[in-house]
Amino acid sequence: MIQDERLTLGIDIDGTLADTVGLVLELYNSEHKFQASKEDLKLYEMAKNLPEIDGGKVKEYFENSWDRWNEIAPVDNAASDVIRKLAELYNIRIITATFGDTGNVKRWLEHNEIVYNDFVHCDSSEKYKYCDILVDDRVSCINAVAEHGGRGILMEQYWNKADPTEEINENVVIAKNWNHVYDICINGLDIASNEY
Ligand SMILES: [Mg+2]
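Worth saying up front: this structure is predicted, and the values here are computed from it rather than measured.

Student: Which parts of the structure should I look at to understand the domain arrangement of the chain?
Tutor: In many analyses, interface size is given as the accessible surface area lost on bringing the parts together. According to the domain assignment, the chain contains domain 1 (8-18 + 74-187) and domain 2 (20-71). When each unit is reduced to the centre of its C-alpha atoms, the spacing between domain 1 and domain 2 is 21 Å. Contact residues are listed per partner, giving 21 residues for domain 1 and 15 residues for domain 2. Looking at the side of domain 1 that touches domain 2 residue by residue, the class counts come to eight nonpolar, seven polar and six charged.

Student: Please clarify how the nonpolar core should be interpreted in this entry.
Tutor: A general tendency of soluble globular proteins is for nonpolar side chains to be buried together. Of all hydrophobic cores here, the largest spans 48 residues; its most connected members are Leu-134, Ile-153 and Val-181. Considering every element that reaches this core, the biggest residue donor is helix H5 (residues 139-147), with six residues.

Student: I keep staring at the sheet that holds strand E3 (residues 118-121) and nothing clicks. Help me out?
Tutor: Sheets are built from strands paired through backbone hydrogen bonds, the pairs being either parallel or antiparallel. The parallel open sheet is built from six strands, whose spatial order is E3-E2-E1-E4-E5-E6. Both outer strands of the open sheet, E3 and strand E6 (173-175), are each paired with one neighbouring strand and no more. Geometrically, the sheet is characterised by an average inter-axis angle of 25° between neighbouring strands, direction not taken into account. Summarising the sheet, strand E4 (residues 133-136) and strand E5 (residues 151-155) pair through four bridges and their orientation is parallel. When the bridges of E5 are listed, Asp-136 appears paired with Leu-154. Lying on the sheet, H5 is in contact with E4 and E5; it crosses E5 at an angle near 165°.

Student: Looking at this model, I keep getting lost on the pairing of strand E2 (residues 91-96). Mind explaining?
Tutor: For a regular strand, the rule is simple: side chains alternate between the two faces of the sheet. E2 sits mainly inside the fold: five of its six residues count as buried. Pairing of strand E1 (residues 8-11) with E2 involves four bridges; the strand directions are parallel. What sits directly across from Leu-9, in E2, is Ile-92. Where E2 and E3 come together, four bridges link them in parallel fashion. Pairing of Thr-96 across the sheet is with His-121, part of E3.

Student: I'm lost on the UniProt feature "active site" (unreviewed entry) in the chain in this one. Help?
Tutor: Those residues carrying the UniProt feature "active site" (unreviewed entry) are Asp-12 and Asp-14 in this numbering. Here Asp-12 is to be found in the loop between E1 and helix H1 (20-31). If near-sequence neighbours (up to four positions away) are discounted, Asp-12 is found in contact with Ile-95, Thr-96, Val-135, Asp-136 and Asp-137. Here Asp-14 is in contact with Thr-20 and Thr-98, once residues within four sequence places are set aside.

Student: Looking at this model, I keep getting lost on the packing of H1 against helix H2 (residues 55-67). Mind explaining?
Tutor: Any two packed helices are characterised by the angle at which their axes cross and by the distance between the axes. At a minimum axis distance of 9 Å, the contact between H1 and H2 shows a crossing angle of 110°. One element, H1, and the other, H2, form an angle in the roughly perpendicular class. Classified by chirality, the crossing of H2 by H1 is right-handed. Each of Thr-20, Leu-23, Val-24, Leu-27 and Tyr-28 in H1 lies in contact with H2, whose residues at this interface are Tyr-61, Phe-62, Asn-64 and Ser-65. Along the lines of polarity and charge, the residues of the contact of H1 with H2 split into six nonpolar, three polar and no charged.

Student: Before we go on, may I ask you to explain the packing of helix H3 (residues 79-86) against helix H7 (residues 178-187) in this structure?
Tutor: Contact pair H3 / H7: the axes reach a minimum separation of 8 Å and the direction vectors enclose 20°. Between H3 and H7, the crossing angle belongs to the class labelled roughly parallel. Between H3 and H7 lies a crossing of left-handed hand. Counted together, Ala-79, Val-82, Lys-85 and Leu-86 of H3 and Trp-178, Asn-179, Val-181, Tyr-182 and Cys-185 of H7 form the full contact between these two elements. Considering only residue class, the contact of H3 with H7 consists of seven nonpolar, one polar and one charged.

What counts, and where the lines are drawn
- Residues numbered from 1 in each chain as written.
- Predicted model: local features only at pLDDT ≥ 70, side-chain atom pairs only at ≥ 80, totals over all residues.
- Domains from an automatic or database assignment.
- Contact = placed C-beta atoms within 7 Å.
- Nonpolar A, V, L, I, M, F, W, Y, C, P; charged D, E, K, R; others polar.
- Core = buried A, V, L, I, M, F, W, Y, C linked by C-beta atoms within 7 Å.
- Buried ≥ 20, exposed ≤ 12 C-beta atoms within 10 Å, placed from the backbone.
- Helix = DSSP H or I, 4+ residues; strand = E, 2+ residues; numbered from the N terminus.
- Pairing = 2+ DSSP bridges.
- Axes fitted to C-alpha atoms, helices over the stretch in contact; angles between N-to-C directions.
- UniProt positions renumbered as here; feature names shortened; annotations may be inferred.
- Parallel < 35°, antiparallel > 145°, perpendicular 65-115°, else oblique.
- Left-handed = near helix turned anticlockwise from the far one by under 90°.

This is how it looks when you write it as structure tokens:
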């Protein structure tokens, strides 16, 4: 059997490829007086940002959103083309701890033309074990990769820009969007660029 010598590029789903949060907020807003927007999400733990909600309810909103997978928009329309190009060089592994039904998540990936070699569902704390490089919107996942000698690329979102409870490892690179991820992977760009 021929071994795949390529590095594995791990890619998260919620908040990195799929704008699940957009639909979750719609569901939240339909049941609450407080009308939340993404700008209100300063902390990764959604329940800590919004009134009258707990972690269990957040999980329920995520599950319900994935049941409506065809209403979930991509985080960045460029992701499909960028990942297709990266797949020529890397083993592409979807690595997710999503609350969504796996069948629906895979339907969404196919519908949005995201190519990948394999799919791992694991706890957030274990993602670093399955990749050499990880693109993710959760600081703790990215930090773990950097701490274990891998490359961590944080997809910038409101909930990870300035969360005081999550200090970003100095080796982590922050990506503005998927074209920026491409340049980080291919051109070794490791500083914030105004072009994005
Ligand atoms: Mg995520």
